[in-house]
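The chain contents come next:
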Amino acid sequence: MRKMLATLALLLVATPVVAQQWYYEDMGTPIAFYDNGVAQFQFACRGGDLAMGFWVRSPSRAVAGASSLHLAMVADPAAGSDRKSTAGASFAQDMPLIHADGTSMIVRGPVARNWARIAQQAQHTIRVAYVRKQGGIEVFDSNDFGAKGSSSAIKRVLDRCG
């Protein structure tokens, strides 16, 4: 009985850490982010403007060699869908890439605000990828981020600078 109570107490203490996948920091720059170990997706208040960022630590060769690409986000892609599918995607078109310690893209303004609202509505998964169109659509470095906690974390950033 004591062993079961100790296990239950340990689980209750660990639950808040496990349950909150999106994080919010307010250390001078309000930021809501999810880091899956391979990539990070974030919304931040930078200089009073909302900015959305996508950063991949070890990008594919095509991304590492590109100066600009499109960015695609799919909220709640169909279960089991191909990670290269862009069905239901929103796009940020022809944005410059930043190559430093990985590859990242920063999007500001109306696109960032629109994507913040879409990400807030996701229930399970937010999929983000670099894409380009040369004939057909090519998808690179597609990453899935859990949506749990995204609504409240992103709301806190939007309340400051949305």
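Residues numbered from 1 in each chain as written. Predicted model: local features only at pLDDT ≥ 70, side-chain atom pairs only at ≥ 80, totals over all residues. Heavy atoms only, no water.

Undergrad: Outline the overall build of the protein chain, listing residues and values.
TA: Helices and strands together make up the secondary structure of the protein chain, namely four helices and 10 strands. Counting helices and strands in the order they occur from the N terminus, the protein chain gives α-β-β-β-β-α-β-β-β-β-α-β-β-α. Burial statistics for the protein chain: of 162 residues in total, 40% are counted as buried. Within the protein chain, contacts between residues separated by at least 24 positions form 62% of all contacts whose residues are at least 6 apart in sequence. (Helix = DSSP H or I, 4+ residues; strand = E, 2+ residues; numbered from the N terminus. Buried < 20%, exposed > 50% of the residue type's maximum accessible area, 1.4 Å probe, protein only. Contact = heavy atoms within 4.5 Å.)

Undergrad: Residues and numbers for the pairing of strand β8 (residues 103–108), please.
TA: Bridging between strand β4 (residues 49–56) and β8 involves six bridges; their strand directions are antiparallel. Paired with Gly 53 across the bridge in β8 is Ile 106. By the bridge criterion, two bridges tie strand β7 (residues 98–99) to β8 in an arrangement that is antiparallel. Note on β8: the bridge partner recorded for Ile 98 is Ser 104. Here β7 folds back onto β8 in antiparallel fashion, the turn holding three residues, of which Asp 101 has a positive phi close to 55°. (Pairing = 2+ DSSP bridges.)

Undergrad: I'd love a proper account of the side chain of Asn 143, names of residues and values included.
TA: Looking at where Asn 143 falls in the secondary structure, it is placed in strand β10 (residues 136–146). Here the side chain of Asn 143 touches Asp 141 through a polar contact of 2.9 Å, landing on its backbone oxygen. Not counting chain neighbours up to four residues away, the residues in contact with Asn 143 comprise Asn 36, Val 38, Ala 39, Phe 54, Val 56, Arg 83, Ile 126, Arg 127 and Val 128. (Polar contact = N/O pair within 3.5 Å; in protein donor to acceptor, adjacent residues only side chain to side chain.)

Undergrad: Requested: an account of the sheet that holds strand β5 (residues 68–75), with residues and values cited.
TA: Across a sheet, paired strands are connected by hydrogen bonds in the backbone, their directions being either parallel or antiparallel. As summarised here, the arrangement of the four strands in space is β6-β5-β9-β10, forming an open sheet in which the pairing is antiparallel. Looking at which strands have only one partner, the edges of the open sheet turn out to be β6 (90–96) and β10. Ignoring which end each strand starts from, the neighbouring axes of this sheet average 25° apart. Where β5 meets strand β9 (residues 125–134), six bridges bridge the pair, whose relative direction is antiparallel. Looking at the pairing, Leu 71 lines up with Tyr 130 of β9. Strand contacts of helix α3 (residues 110–121): β5, β6 and β9, with the helix running at about 30° to β5, the strand carrying the most contacts. (Axes fitted to C-alpha atoms, helices over the stretch in contact; angles between N-to-C directions.)

Undergrad: Could you give an account of the packing of aromatic side chains, naming the residues involved and the relevant values?
TA: All told, the structure shown has nine aromatic pairs when counted by the stated rule. A centroid spacing of 6.3 Å and a plane angle of 50° characterise the contact between Trp 22 and Tyr 34, whose relative ring orientation is tilted. Placement of Trp 22 in the loop between α1 (2–19) and β1 (23–26) and of Tyr 34 in strand β2 (residues 30–35) is noted, with a sequence separation of 12 residues between them. Overall, Tyr 34 belongs to the buried group, its relative accessible area being 15%. Looking at Trp 22, the relative accessible area reads 0%, which means it is buried. These aromatic residues form a ring-pair network of at least three members: Trp 22, Tyr 34, Phe 41, Phe 43, Phe 54, Tyr 130 and Phe 145. (Phe/Tyr/Trp six-rings, centres within 6.5 Å; stacked < 30°, edge-to-face > 60°.)

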